[in-house]
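The residues making up each chain are set out below.
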Amino acid sequence: MKALIYSLSVPVLAANAFGAQYLTVAQAQRALFPAAASFVEHKVDVGAEQVRRIEAQSRTRWRLQRQRIWAANMTDKTLGYIIVDEVYGKHEFITYAVAINLAGNITGVEILEYRESYGGEVRNPQWRAQFVGKSSQDAVELDKDIRNLSGATLSCQHVTEGIRRNLAFFDVVIKNK
Amino acid sequence: MHRQSLLFRASLWALVYVIAAALSPQFASADENLFGYSYGSDTLPKGATEVYNWLTLRTGKGQGTYRGWDEMVEVEHGITDRLQASFYLKGRSHRIAGGALEEDPQRKLSRSLEFDGVNLSLKYNLLSVYKDVLGVAVYLEPGYSRIHQVTGERIRQFSLESKLLLQKNFFDDQLVTTYNFVLEPEWKKVKASGEREKALEIEHTAGISYRFLPHWFGGIEGRYHSEYPEYKKREFGAYFLGPNIHYGTERWWATFTFLPQVSGSPRTPGRQPGLHLGEHERYEFRLKVAYNF
């Protein structure tokens, strides 16, 4: 029993800052579409046939029945859409936002929340910049057209898969609305 | 004896403090152990360090009282993104009474935690479980021990554990499976009798664990352990199977495994049927707690 107490009493020293919420949705919207005058939220239902097509196209699993997106509007036109999504981290979800213009090309990616012990390098602007210009016609695959960050492979893989899935979502659901 | 125990405890605390202070703020949780016995193929990222504590209770000989506590503090460091090194400081305590030991029924021992020895290990990741078809790593761990794991006798033992670690994940890495093949030659001298032994230990471990809630993994793991004295005929072998649970956050994680022996040979006559209780015990409990600074 003494050994058990000892085992649990390894000292906890001063903790450093680990992951955190880096951006709110509103801040991410401003960062991704700075020219937009307003952002209008839409809750988009995804039907079974659409799920099948998204999964086939993206080679990933679709987990949601309804996806939240925001249209980035100027006074008389829509500039594009922002999709806020979550992918699995080691312990919790990694929340990110991807901005897609009306042509279906990514214009930016932001990491909103990252609460894992390591792998936070996915916040690196240069790594995120690799996605800019990609569309559903691109592979969007780690070690193909997206460079992996050694030591952060799980996060890189899951964020990349999430973005590929949302490009397919845009293609299958939004573009045809 | 009591003084030795205190000294050992003090040295463990000192080690943790010194290393934590030296490496902070680079401490980070990684290479999380979802299982008590089976290892995954992941390694720590370069520059990351983790300190954790292992505690194993082995109990139940089918007769008398038997409790063996194995205590270990491990410091793990990522040398590159694929290569990690660990240093282990080991302690051990025993309570043996009532004819618990089959080969030495008269043996009684009540000894609190004492310094047992040290291990070093290197783990090299060959294939990433997140990118490649299969996660693969190789592992080498030389060790020194001065207390016999079963009898508590004073010994000098050197060992060289080598492992092949395989890991395959499913469903966005929510379902984790592992398999380890372990070969461990060891050289031992019992101080009291002067008897020398050499043996080869062969072990297979496997586990499956599922993330059923954020932070929580639960699953089952199994272990087969056998020993071949003089590298010849198998002396004994035992199968263990039991549940495990893991909780992880960004600052710390813990894993608990309960591993009862389900079958073993040679059987121990007059005790628990179907089990080998000479070199193994009826139950093993293992708790690992890792803190990040």
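Residues numbered from 1 in each chain as written. Chains lettered and ligands numbered in written order. Predicted model: local features only at pLDDT ≥ 70, side-chain atom pairs only at ≥ 80, totals over all residues. Heavy atoms only, no water.

*Asks:* Tell me about the overall build of chain B, and please be specific about residues and values.
*Replies:* From N to C terminus, chain B includes one helix and 12 strands. Mapped from its N terminus to its C terminus, chain B presents α and β elements in the order α-β-β-β-β-β-β-β-β-β-β-β-β. When each of the 293 residues of chain B is scored for burial, the buried share is 57%. Of all intrachain contacts in chain B linking residues separated by at least 6 positions in sequence, the fraction that spans at least 24 positions is 59%. (Helix = DSSP H or I, 4+ residues; strand = E, 2+ residues; numbered from the N terminus. Buried < 20%, exposed > 50% of the residue type's maximum accessible area, 1.4 Å probe, protein only. Contact = heavy atoms within 4.5 Å.)

*Asks:* I'd like a description of a positive patch on the surface, backed by residues and values.
*Replies:* On the surface, Arg 156, Lys 189, Lys 191 and Arg 196 of chain B cluster together into a patch of positive charge. The class of Lys 191 of chain B is exposed, set by a relative accessible area of 51%. (Patch = residues over 30% accessible without salt bridge, like charges linked within 9 Å, V, L, I, M, F, W, Y side chains within 5 Å. Areas by Shrake-Rupley, 256 points an atom, 1.4 Å probe, with all protein chains shown as cover. Salt bridge = Lys/Arg side-chain N within 4 Å of Asp/Glu carboxyl O. Lys, Arg positive; Asp, Glu negative; His and termini not counted. Charge placed at Lys NZ, Arg CZ, Asp CG, Glu CD.)

*Asks:* With reference to specific residues and values, describe a nonpolar patch on the surface.
*Replies:* Residues and elements named next belong to chain B. Side chains of Phe 170, Phe 171, Tyr 210, Phe 212, Leu 213, Trp 216, Ile 245 and Phe 256 sit close together on the surface and give an oily, nonpolar patch of about 750 Å² of accessible area. Among the elements that take part in the nonpolar patch, strand β8 (residues 196–213) stands out by supplying three residues, more than any other. Looking at the secondary structure, you find Ile 245 in strand β10 (residues 236–248).

*Asks:* Can you tell me about the side chain of Glu 201 of chain B, naming the residues and giving the values?
*Replies:* Residue and element names in this part refer to chain B. One can find Glu 201 in strand β8. Lacking a salt bridge, the buried Glu 201 has Arg 223 as its closest oppositely charged neighbour, with an N-O distance of 6.1 Å. Separated by 2.8 Å, the side chains of Glu 201 and His 225 make a polar contact. Setting aside its immediate chain neighbours within four residues, Glu 201 contacts Val 182, Leu 183, Glu 184, Glu 186, His 225, Ser 226 and Glu 227. (Polar contact = N/O pair within 3.5 Å; in protein donor to acceptor, adjacent residues only side chain to side chain.)

*Asks:* How would you explain the nonpolar core if you had to name every residue and give the values?
*Replies:* Residues and elements named next belong to chain A. Counting 36 residues, the largest nonpolar core has Ile 163 and Phe 169 as its most contacted members. Elements with a minimum of two residues in this core: α3 (48–58), β3 (66–73), β4 (78–88), β5 (93–101), β6 (106–114) and α5 (153–174). Residue contributions to this core peak at 10 residues, all from α5. Once residues lying within four places of it in the same chain are set aside, the contact partners of Ile 163 are Tyr 96, Ile 106, Val 109, Phe 131 and Val 140. One finds Ala 28, Phe 39, Trp 70 and Ile 82 within the second-largest nonpolar core, a separate group that totals 13 residues. (Core = buried A, V, L, I, M, F, W, Y, C linked by side-chain atoms within 4.5 Å.)

*Asks:* Please give an account of the sheet that holds strand β1 (residues 20–21) of chain A that cites residues and values.
*Replies:* All names here are of chain A. Pairing is antiparallel in the open sheet, where six strands are placed in the order β1-β6-β5-β4-β3-β2. Single-partner strands in this sheet number two, and they are β1 and β2 (38–45). When β5 meets β6, the two strands line up antiparallel, connected through six bridges. Its bridge partner being in β6, Ala 97 is matched across the sheet by Glu 110. Where helix α2 (residues 25–32) meets the sheet, it contacts β2, β3, β4, β5 and β6, and its direction lies at approximately 155° from that of β6. (Pairing = 2+ DSSP bridges. Axes fitted to C-alpha atoms, helices over the stretch in contact; angles between N-to-C directions.)

*Asks:* Could you give an account of empty space enclosed by the protein, with specific residues and numbers?
*Replies:* What the rule picks out here adds up to four cavities of 30 Å³ or more. The calculated volume of the largest cavity comes to roughly 260 Å³. Lining of the largest cavity is provided by 23 residues; of these, Lys 90 of chain A together with Leu 34, Tyr 130, Gln 167 and Val 176 of chain B occupy positions nearest its centre. Counting residues per element, the ones that place at least two in the lining of the largest cavity are β6 (154–170) and β7 (175–190) of chain B. Of the volumes computed, that of the second largest cavity is approximately 100 Å³. Taken together, 17 residues make up the lining of the second largest cavity; nearest its centre are Asp 31, Tyr 39, Tyr 52, Glu 76 and Gln 84 of chain B. Mapped by element, the contributors of at least two residues to the lining of the second largest cavity are β1 (49–59), β2 (65–78), β3 (83–97) and β4 (109–127) of chain B. (1 Å grid on protein atoms, 1.4 Å probe; cavity = no way out; pocket = protein on both sides within 12 Å on 5 of 7 lines; lining within 4 Å. Points joined across faces, edges and corners; volume = space filled by probe spheres on them.)

*Asks:* Provide a residue-level description of a negative patch on the surface, including the pertinent values.
*Replies:* Residues and elements named next belong to chain B. Taken together, the side chains of Glu 102, Glu 103, Asp 104 and Glu 235 present a region of like negative charge at the surface. Looking at the secondary structure, you find Glu 103 in the loop between β3 and β4. Accessibility expressed as a relative area gives 69% for Glu 103, which makes it exposed.

Keep in mind that these numbers describe shape and distance, not what the molecule does.
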